[in-house]
Amino acid sequence: MASKIARPLLALVATPVLAALLVGAGTHGGAATPGAPGAGDPYFPDSGNGGIHVVHYGLDLDYTPTTKNLAATADLTVTATRKLSSFNLDLSGLTVDSVRIDGRRAAFSRAGNELTVTPSRALDKGRRFHVVVTYSGVPAHVYDPDGSPDGWIIQPDDSVFVASEPQGAMTWFPSNSHPSDKSTYDVEVTVPDGWTAVSNGRLRDRRSRGGKTTFAWRESQPMAAYLATASIGRFQTEQYTTRSGLPVYNAVVPSQAAAAKPVLDQLPAVIEFESRLFGRYPFDAAGSIVHDAPDVGYALETQTRPIYDRAPRLDTLVHETAHQWFGDSVTLTKWQDIWLNEGFATYAEWLWDAEHGGPSTAQRFAADYALPETDALWSFPAGDPGDGGHIFGKPPYARGAMVLEKLRQTVGDRDFFAILRAWASEHRYGHADSAGFIALSKHISGKNLDAMFATWLYGSGKPATP
Ligand code: ARG
Ligand code: ZN
């Protein structure tokens with residue numbers, strides 16, 4: 001949402017005349033108002049913020065595992081999407097020491113998970129500015145409505161598992177924490193020697209001084225805040241370049257190294273397989289972060305470098321890799337559409353299995369359809385989980401994959417894979433929603449698919465016929 005408005009503005013300011021017009025519009029364009037405390041998502045009303053687009057996050061984190069203290073500076077490049085008297089960022093816990101806007105001290109206040117920043121003068125629409133927040137403290141993860149932990153999750157051995165879907169980014173940096181806003185990132189993490197900090201994208205620099213090592217990472221493609229990580233562990237690391245020139249960086253805790261190796265070794269093959277089906281791999285780096293954190297209970301498709309709570313199974317690696325196309329590059333506009341992430345990643349597992357000696361996708365569909373009406377698969381519609389507590393329930397995953405198989409059976413293989421590839425390329429690095437996917441499917445196939453999507457994506461209970 002915010003970024004959809006901001007992107008044309010950014011294109012406009014490239015020309016001085018239009019930039020002048022834009023600034024003029026801001027100055028004369030009515031009263032400045034406070035930015036909204038949320039992005040307007042009914043599932044997570046406080047996530048994200050209205051009135052701003054974060055172009056870039058520059059995070060400088062200094063973490064001491066023994067004390068669990070984080071001392072940090074966040075330098076956000078922001079554009080105002082309307083004239084603002086104040087704006088919000090999401091931040092949970094931690095102590096804010098100061099906030100500066102373009103070098104000048106700004107007033108701020110905290111309430112709940114909102115950090116409200118009030119500049120000394122209103123910010124005109126279209127204005128681009130730097131917000132520098134200095135903060136510190138022991139980060140505390142949050143719990144999602146479904147009871148799962150989310151954010152900066154400190155482990156018993158002092159390592160840190162950082163996975164923030166859907167709302168955990170606020171536990172470790174001040175953020176516009178809704179997927180409708182995407183930004184590039186520079187993440188620098190300083191840890192005591194012997195520890196390794198792993199984030200998204202490419203490792204630009206690694207330097208040691210006075211017993212500490214700084215790892216400087218750069219994610220140069222737009223990324224939703226929930227996909228950012230800065231995981232810390234006593235990792236074994238491995239770096240290589242694939243045959244197609246993609247740099248891979250794996251970080252694995254020693255206890256999981258033996259079990260993880262044969263699976264992680266398949267990553268180039270998985271990327272090749274999925275690139276053939278979905279179009280070119282969207283990012284300039286790849287890899288994996290493997291912890292020993294079974295209490296977390298899930299993996300996450302952190303951009304370019306998925307994070308696993310244990311040595312992954314191959315199907316999980318296939319799933320998180322597919323999310324690089326579906327979720328990370330093509331990103332949700334609202335959490336209700338989570339099946340666009342999870343149904344697609346689950347279907348990628350079906351495709352992989354079908355090609356590697358497992359059941360066909362039609363057989364997977366039939367096996368799921370055979371589940372009784374009381375099964376969780378039929379408990380709510382894949383396209384309408386109802387609230388934030390159900391987005392990681394069974395329907396968006398398994399029934400979401402069934403929607404895709406149903407689409408494939410209806411339009412045929414040629415159109416089906418054309419739809420998947422067009423979806424990935426038309427929305428690459430951007431946003432999308434379910435209505436857009438339905439429209440694209442109808443457009444490419446030339447078929448009226450309304451009844452099929454109404455039944456399989458939005459219908460309640462088990463459809464009467466497979
Ligand atoms: N998107 C993750 C996956 O690959 C699941 C994340 C679950 N997160 C959570 N807070 N429960 O399926
Ligand atoms: Zn997933």
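As the structure is a prediction and not an experimental result, all values here were calculated from the model. (Residues numbered from 1 in each chain as written. Chains lettered and ligands numbered in written order. Predicted model: local features only at pLDDT ≥ 70, side-chain atom pairs only at ≥ 80, totals over all residues. Heavy atoms only, no water.)

Peer 1: Now, about the overall build of the protein chain: what can you tell me, with residues and values included?
Peer 2: The number of helices and strands found in the protein chain is 11 helices and 23 strands. Computed over C-alpha atoms, the radius of gyration of the protein chain comes to 22 Å, within 12% of the 23 Å expected from 2.2 N^0.38 for 466 residues, which places it in the range of a compact globule. The principal-axis extent of the C-alpha atoms belonging to the protein chain is close to 65 × 55 × 40 Å. Long-range pairs, those at least 24 residues apart, make up 68% of the contacts in the protein chain with a sequence separation of at least 6. (Helix = DSSP H or I, 4+ residues; strand = E, 2+ residues; numbered from the N terminus. Rg over C-alpha atoms; globule rule 2.2 N^0.38 Å. Contact = heavy atoms within 4.5 Å.)

Peer 1: Now, about the confidence of the model for the protein chain: what can you tell me, with residues and values included?
Peer 2: When pLDDT is averaged along the protein chain, the result is 94; 94% of the residues meet or exceed 70. Taken as a whole, residues 1–28 scores under 50 in pLDDT and shows 37 contacts with residues more than four places along the chain or in a different chain. Interface confidence for the predicted complex, expressed as ipTM, amounts to 0.98; the pTM equals 0.94. (pLDDT = per-residue confidence, 0-100.)

Peer 1: Talk me through the pairing of strand β12 (residues 160–163); I want residue IDs and the actual numbers.
Peer 2: Both faces of the sheet carry side chains from a regular strand, because those side chains alternate between them. Residues V160 and V162 point to one face of β12 and F161 and A163 to the other, with burial holding for every one of them. Bridge analysis of strand β11 (residues 149–154) against β12 gives 4 bridges, and the strand direction is antiparallel. If you follow G151 over to β12, its bridge partner there is A163. The hairpin turn running from β11 into β12, its antiparallel successor, is 5 residues long, and D158 in that turn takes a positive phi close to 75 degrees. (Buried < 20%, exposed > 50% of the residue type's maximum accessible area, 1.4 Å probe, protein only. Pairing = 2+ DSSP bridges.)

Peer 1: Lay out the site of ligand 1 in plain terms, naming residues and giving numbers.
Peer 2: Neighbouring ligand 1 are 13 residues, the closest being D144, E165, E301, E342 and Y397. At 2.7 Å from a nitrogen atom of ligand 1 is found a side-chain nitrogen or oxygen belonging to D144. Between a nitrogen atom of ligand 1 and a side-chain N or O atom of E301, the distance comes to 2.8 Å. Starting from 350 Å² of accessible surface for ligand 1 in isolation, the protein chains cover 94%. Looking at which domains feed residues into the shell around ligand 1, each of domain 1 (50–328) and domain 2 (332–457) supplies at least three. (Near = heavy atom within 4 Å. Polar contact = N/O pair within 3.5 Å; in protein donor to acceptor, adjacent residues only side chain to side chain. Areas by Shrake-Rupley, 256 points an atom, 1.4 Å probe, with all protein chains shown as cover. Domains from an automatic or database assignment.)

Peer 1: Can you break down unusual backbone geometry residue by residue, with the values?
Peer 2: With an omega of 5 degrees, the peptide bond running from E165 to P166 counts as cis. As for its position among the elements, P166 is in the loop between β12 and β13 (182–192). The phi angle at T304 is positive, at roughly 70 degrees, despite the residue not being glycine. Judged by its relative accessible area of 1%, T304 falls in the buried class. Although it is not a glycine, Y429 sits at a positive phi angle of roughly 70 degrees.

Peer 1: Requested: an account of the pairing of strand β9 (residues 128–137), with residues and values cited.
Peer 2: Across the two faces of β9 the burial differs, with F129, V131, V133, Y135 and G137 buried and R128, H130, V132, T134 and S136 not buried at all. Relative to β9, strand β3 (residues 69–80) runs antiparallel, the two being bridged by 10 bridges. Among the inter-strand pairings, T73 is bridged to a residue of β9, identified as T134. Two strands pair when backbone bridges link them, and strand β5 (residues 95–101) and β9 are joined in this way by 6 bridges, in the antiparallel orientation. Paired with T95 across the strands is S136, a residue of β9.

Peer 1: Residues and numbers for the sheet that holds strand β6 (residues 104–105), please.
Peer 2: If you walk across this open sheet you meet the 8 strands as β6-β5-β9-β3-β2-β13-β16-β15, and the pairing is mixed. Of all strands in the sheet, those with a lone pairing partner are β6 and β15 (202–209), marking the two edges.

Peer 1: Break down the packing of helix α6 (residues 339–355) against helix α7 (residues 361–369) for me, citing the residues and quoting the values.
Peer 2: When two helices pack together, their arrangement is captured by the angle between the axes and the distance separating the axes. At a minimum axis separation of 9 Å, α6 and α7 run at an interaxial angle of 125 degrees. One way to sum up the angle between α6 and α7 is to call them oblique. Between α6 and α7, the contacting residues are Y347, W350, L351, D353 and A354 on the first element and T361, R364, F365 and D368 on the second. Partitioning the contact of α6 with α7 into residue classes produces 5 nonpolar, 1 polar and 3 charged. (Axes fitted to C-alpha atoms, helices over the stretch in contact; angles between N-to-C directions. Parallel < 35°, antiparallel > 145°, perpendicular 65-115°, else oblique. Nonpolar A, V, L, I, M, F, W, Y, C, P; charged D, E, K, R; others polar.)

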